[in-house]
Amino acid sequence: MMLRHVILCLSLAASSAWAELREGLVLIVNRNVPESMELARHYCMLRDLPEDRICALDLPEGESISRGDFDKRLRDPLLAWLRANRWVEQVRRNPRRVRDHESEWTTVSSRLRVLCSFYGVPVRIEDTRPWVVEKIQNRLNHSPQRDEAAVDSELTLLLHGAYDIRGRFANPYYGQLRWETSGSQNLFLVLATRLDGPDPDAVRRMMDGALEAETYGLLGRMFFDLRAPHQDEYQVGDYWLGEAVSRFDREGYDCIVERSDSLYGTQFPMDSAALYWGWYTEQVTGPFTRTGFAFRPGALAYHNHSANAKVLRTRAEYWTGPLLGAGAAASWGAVGEPFLGTTPHLHILADRLCRGLSFAESTYLALPALSWQITVVGDPLYRPFALSLDEQISKLEEAGRPEVEWAWLRRMNLLVRDGRLHGALAYGRDRLRVRDSGVVREKMGELLALNDLAEDALPHFDRAVELAAGPDTAVRVGLRYLRLLRAMGRAEKAQEVEARLRERWNDSPYLALLQPAQPPSAP
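If you're wondering where the values come from, they're calculated on a predicted model, not measured in any experiment.

J.: Please explain the sheet that holds strand E14 (residues 300-303) as it appears in this structure.
T.: Hydrogen bonding along the main chain pairs the strands of a sheet, whether they run parallel or antiparallel. Spatial ordering of the open sheet is given by E12-E11-E13-E14, a layout of four strands whose pairing is parallel. Both outer strands of the open sheet, strand E12 (255-258) and E14, are each paired with one neighbouring strand and no more. Averaged over all neighbouring strand pairs, the angle between strand axes comes to 15 degrees, with direction disregarded. Pairing of strand E13 (residues 273-278) with E14, which is carried by four bridges, proceeds in the parallel orientation.

Here is the structure:
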């Protein structure tokens, strides 16, 4: 009873914080890019926001903006708009104390909580150093005192007053449980994200997918790609990922983890992916480059690399753009070398999401540095874990949506975690009377096989293969089925199952994955 009370209190607190964010949200568009305004209006329609929240600025059309243009064409006009529309109250500073690139204004009060820039607003502020000096220093040590930055990260300090633009600004809310109200402790920090990506269609899908997932809960499997164990300064990155796996596992999700030096291959059957977090290579590879690959609505996707968001409006280069182009609703990345320690700490990010906080709040609570390199891309209000599991199941069942099978899977996993295997199997059998689900069938087969009930597992795997809607799922489940059959000495049945797979999906490249399931050839 006490645990339920605590969970309820946390849920109510998250809902209250979300309402504050929504009321304090302003949208930024580039008036020189027509799609920018169109997408902002679509967002207002989805979130039931008045269009007077939109601030249209005269900005360059590319992804980069000079520091001078950021000051004169973005920061200063935005502050003027905020003052004119009574979002903030500011007083002018003594001009003799205003240094280069500093704002002339001091904030007295503010109701601004969140800024969301839209497709067309520049992503990266260029370094003020001469090009040759920048190149030399970056080659030597990535120059931690450089003043290039992600536009989003710089905008978090829009109301803060005077600060040194060189290097990074320590985030006072890093690791906290919530982002404090603007003005708390005399800090006027802003959550700054963007709805941006390869093209307007991708951005529209990001918005729609986030709202769908928020309405019914995040559904699908979670995939993680760790480095092989290395005793070096980067092993902390694997620690973050490992802790994130444990956190999502506690929410009942099926978590698939790649722990070798290899990345997920192009033909890896990454089906029904609701989340992908991994590292470490510069250019996108693996399933995400495959024609037809698509994340589930609302998916969170991230591949850590120093240049993962060096170019954002692309489907083919680096990582952040291609992941969004493949259907992810939210991601984040570095526009320049951030150093591992100042990228989002994924174990914190995972925990804050699971507590029901918004995407914007969760990401910035996991970021140690502001005025730095990370761009945060996604609906700032998106709450993938807004619903409890009971609420998720109820809403999906009432709506008659077949995706309820993913919520049933979570329930089964949580029962197993609680040491209630028989309860999980009973729940699965009961749900199969309601709807014949390949997801539930596969989990039934897995649980039975792991508990020395292989004979009982076989019909569930067999039916799961038949129910598979695509070759990726069919081959992935088929591999598990074939290995079980061969371990039981059922070679003839295994040949029959493999023949069925090859006949039904005869033109699929996934069939190459069946080769490892073959028994070794005779010497």
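Text resumes after the structure shown.
J.: How should I be thinking about the nonpolar core in this particular structure?
T.: Where a protein is soluble and globular, its nonpolar side chains tend to be buried together. Counting residues in each nonpolar core, the largest one holds 116 residues, and the members touching the most others are Trp277 and Phe295. Core analysis: the next-biggest nonpolar cluster, separate from the first, contains 43 residues, Leu479, Leu484, Leu485 and Tyr510 among them.

J.: Can you help me understand the packing of aromatic side chains in this one?
T.: Each aromatic ring pair is characterised by the separation of its centres together with the angle its planes make. Taken as a whole and assessed by the stated rule, the structure comprises 24 aromatic pairs. Ring geometry for Tyr43 and Phe118: centres 5.9 Å apart, planes at 65 degrees, overall edge-to-face. With Tyr43 in helix H2 (residues 34-47) and Phe118 in strand E6 (residues 114-118), the pair connects residues that are 75 residues apart, well separated along the chain. The exposure class assigned to Tyr43 is buried, which follows from its relative accessible area of 0%.

J.: So what exactly am I meant to see when it comes to helix H6 (residues 200-216) here?
T.: In this model H6 runs 25 Å from its N-terminal to its C-terminal C-alpha over 17 residues, within 8% of the 24 Å that 1.5 Å per residue would give. Every buried residue of H6 is accounted for by Pro200, Ala202, Val203, Met206, Met207, Gly209, Ala210, Ala213, Glu214 and Tyr216.

J.: Mind showing me how you'd approach the pattern of salt bridges here?
T.: When charged atoms on two side chains of opposite charge get close, those side chains can pair. For the structure on display, the rule yields 54 salt bridges. For the salt bridge of Arg75 with Asp76, the shortest nitrogen-to-oxygen distance reads 2.9 Å. Judged by relative accessible area, which is 9%, Arg75 ranks as buried.

J.: Even after reading the chapter, I still don't get the packing of helix H15 (residues 454-467) against helix H17 (residues 491-504), so can you show me in this structure?
T.: Helix packing for two helices is described by the angle between their axes and how far apart those axes are. Two elements in contact, H15 and H17, have axes whose closest approach is 11 Å; the angle formed by their N-to-C orientations is 10 degrees. In terms of their interaxial angle, H15 and H17 are classed as roughly parallel. Across the interface between the two elements, Asp462, Val465 and Glu466 from H15 touch Lys493, Val497, Arg500, Leu501 and Arg504 from H17. When grouped by side-chain class, the residues that make up the contact of H15 with H17 number three nonpolar, no polar and five charged.

J.: When you look at the environment of Met270 in this model, what are you seeing that I'm missing?
T.: With respect to the helices and strands, the residue Met270 is situated in the loop between E12 and E13. In the structure, Met270 is positioned 80 residues away from Val190 in sequence and 36 Å away in space, judged by C-alpha atoms. The residues touching Met270, leaving out its near neighbours within four places in the chain, are Phe223, Tyr264, Tyr276, Pro287, Phe288 and Phe293.

J.: Any chance you could explain the packing of helix H14 (residues 438-450) against H15 here in plain terms?
T.: Look at H14 against H15: their axes get within 8 Å of each other, and the N-to-C directions meet at 155 degrees. With respect to each other, H14 and H15 are oriented roughly antiparallel. Note that H14 runs across H15; the crossing there is left-handed. Residues Gly438, Arg441, Glu442, Met444, Gly445, Glu446, Leu448 and Ala449 of H14 form the contact with H15, whose participating residues are Ala454, Asp456, Ala457, His460, Phe461, Arg463, Ala464 and Leu467. Class assignment for the residues of the contact of H14 with H15 results in eight nonpolar, three polar and five charged.

J.: Help me understand the sheet that holds strand E8 (residues 149-150) in this model?
T.: Pairing is mixed in the open sheet, where three strands are placed in the order E3-E7-E8. Two strands in the sheet have a free side with no partner beyond their single neighbour: strand E3 (64-65) and E8.

J.: What is the right way to read the confidence of the model for the protein from this model?
T.: Confidence in the prediction for the protein averages 92 pLDDT; 92% of positions are at 70 or higher. With pLDDT under 50 throughout, residues 1-10 is counted as low confidence; its partners more than four residues away or in other chains account for one contact. Across residues 519-523, confidence stays below pLDDT 50; counting only partners more than four residues off in sequence or on other chains, it has one contact.

J.: For this particular structure, what's the right way to read the environment of Glu492?
T.: In this structure, Glu492 sits in helix H17. Of the residues examined, Glu492 reaches a relative accessible area of 70% and is grouped as exposed. Measuring from C-alpha to C-alpha, the distance between Glu492 and Ser182 comes to 68 Å, with 310 residues separating the pair along the chain.

Definitions and cut-offs
- Residues numbered from 1 in each chain as written.
- Predicted model: local features only at pLDDT ≥ 70, side-chain atom pairs only at ≥ 80, totals over all residues.
- Heavy atoms only, no water.
- Pairing = 2+ DSSP bridges.
- Helix = DSSP H or I, 4+ residues; strand = E, 2+ residues; numbered from the N terminus.
- Axes fitted to C-alpha atoms, helices over the stretch in contact; angles between N-to-C directions.
- Core = buried A, V, L, I, M, F, W, Y, C linked by side-chain atoms within 4.5 Å.
- Buried < 20%, exposed > 50% of the residue type's maximum accessible area, 1.4 Å probe, protein only.
- Phe/Tyr/Trp six-rings, centres within 6.5 Å; stacked < 30°, edge-to-face > 60°.
- Expected span 1.5 Å × (residues − 1).
- Salt bridge = Lys/Arg side-chain N within 4 Å of Asp/Glu carboxyl O.
- Parallel < 35°, antiparallel > 145°, perpendicular 65-115°, else oblique.
- Contact = heavy atoms within 4.5 Å.
- Nonpolar A, V, L, I, M, F, W, Y, C, P; charged D, E, K, R; others polar.
- Left-handed = near helix turned anticlockwise from the far one by under 90°.
- pLDDT = per-residue confidence, 0-100.

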